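Listed here are the chains, written in short residue letters.
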Amino acid sequence: MRRLFFDIETSPNIVYSWRVGYRIILPPENIIQERKIICVCWKWEHKKNVYSLTWNDQQEDKELLKEFVKVCNEADEIVAHNGDNFDVKWLRTRCIFHRIKFPEKIQTFDTLKKSRKGFKFNSNKLDYIAKYLGVGRKTKTGGFDLWVDVMNGKKKALEEMVNYCKNDVVIFKLS
C-alpha cells in the first residue's frame, strides 16, 4: 500500500465587518477575498523526504492544487490529522473552484478520528499527542501574525509557514 502523509496551511477569508467578537454573523456578501491554500506538505510512508508546494507570487493556489492532485493520484491512502473534516474538504473545495478533478474515491485515514475513537489521550491535539509519544512538538508560529506576514507577501514568513507545515507532517507521521 502506498501511504501519503500530508498537511495544508490556509489563508483566512478577508471580510468587511462592522464589528468583531464572538457570535458575529457575516453574510457571504461581505467576503472581499476568498480563503486559499497557502501551502501543502507531504511525505511518503517509509521515505525520508518531506515535499512542499506553495501558492505563487500572486497568492493563487491553482498550480499547487494541480501538482498535489497528481501526488494524491499516486497514493492508495492519504493520511492527515483532522484530514477528513479539514484538509480534504479544503482541497476538494479549492479544486472545484479551479475546475480541477480531485480523486473521488480516495481512501483517507484521519489520525484525529483514530485518536478520539481508539485512545483516551488528555487532548487529541497533534502537539499534545506528539509530545506524549515523545516524537516532537509542533513548531511555534508566533500566532496569527505569521499568516498576516504571509498574506503581505513576506518571503521569510512563507518559508516559516512551510517549515511549520512540514513539521506537522513529520510529527503526525510518527505519532
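Residues numbered from 1 in each chain as written. Predicted model: local features only at pLDDT ≥ 70, side-chain atom pairs only at ≥ 80, totals over all residues. Heavy atoms only, no water.

### Structural notes on the pattern of salt bridges
Moving on, step 1. Applying the stated criterion to the full structure yields 13 salt bridges.
Moving on, step 2. With a closest N to O distance of 3.2 Å, Glu45 and Arg3 form a salt bridge. Of the two residues, Glu45 sits in the loop between β4 (37-44) and β5 (51-54) while Arg3 sits in strand β1 (residues 3-10), which places them 42 residues apart along the sequence.
Moving on, step 3. Looking at Arg3, the relative accessible area reads 23%, which means it is partly exposed.
Moving on, step 4. As a salt-bridge pair, Lys101 and Glu104 come within 3.1 Å of each other at their nearest N and O atoms. Comparing Lys101 with Glu104, the two get one shared label, exposed.
Moving on, step 5. Ionic contacts of the salt-bridge type, sharing partners, join the residues Arg3, Glu45 and Glu77 into one network. (Salt bridge = Lys/Arg side-chain N within 4 Å of Asp/Glu carboxyl O. Helix = DSSP H or I, 4+ residues; strand = E, 2+ residues; numbered from the N terminus. Buried < 20%, exposed > 50% of the residue type's maximum accessible area, 1.4 Å probe, protein only.)

### Some thoughts on empty space enclosed by the protein
Moving on, step 1. If you walk through the whole model with that rule in mind, you get one cavity of 30 Å³ or more.
Moving on, step 2. Volume-wise, the largest cavity comes out at about 30 Å³.
Moving on, step 3. Tallied by class, the residues present in the lining of the largest cavity amount to four nonpolar, three polar and no charged. (1 Å grid on protein atoms, 1.4 Å probe; cavity = no way out; pocket = protein on both sides within 12 Å on 5 of 7 lines; lining within 4 Å. Points joined across faces, edges and corners; volume = space filled by probe spheres on them. Nonpolar A, V, L, I, M, F, W, Y, C, P; charged D, E, K, R; others polar.)

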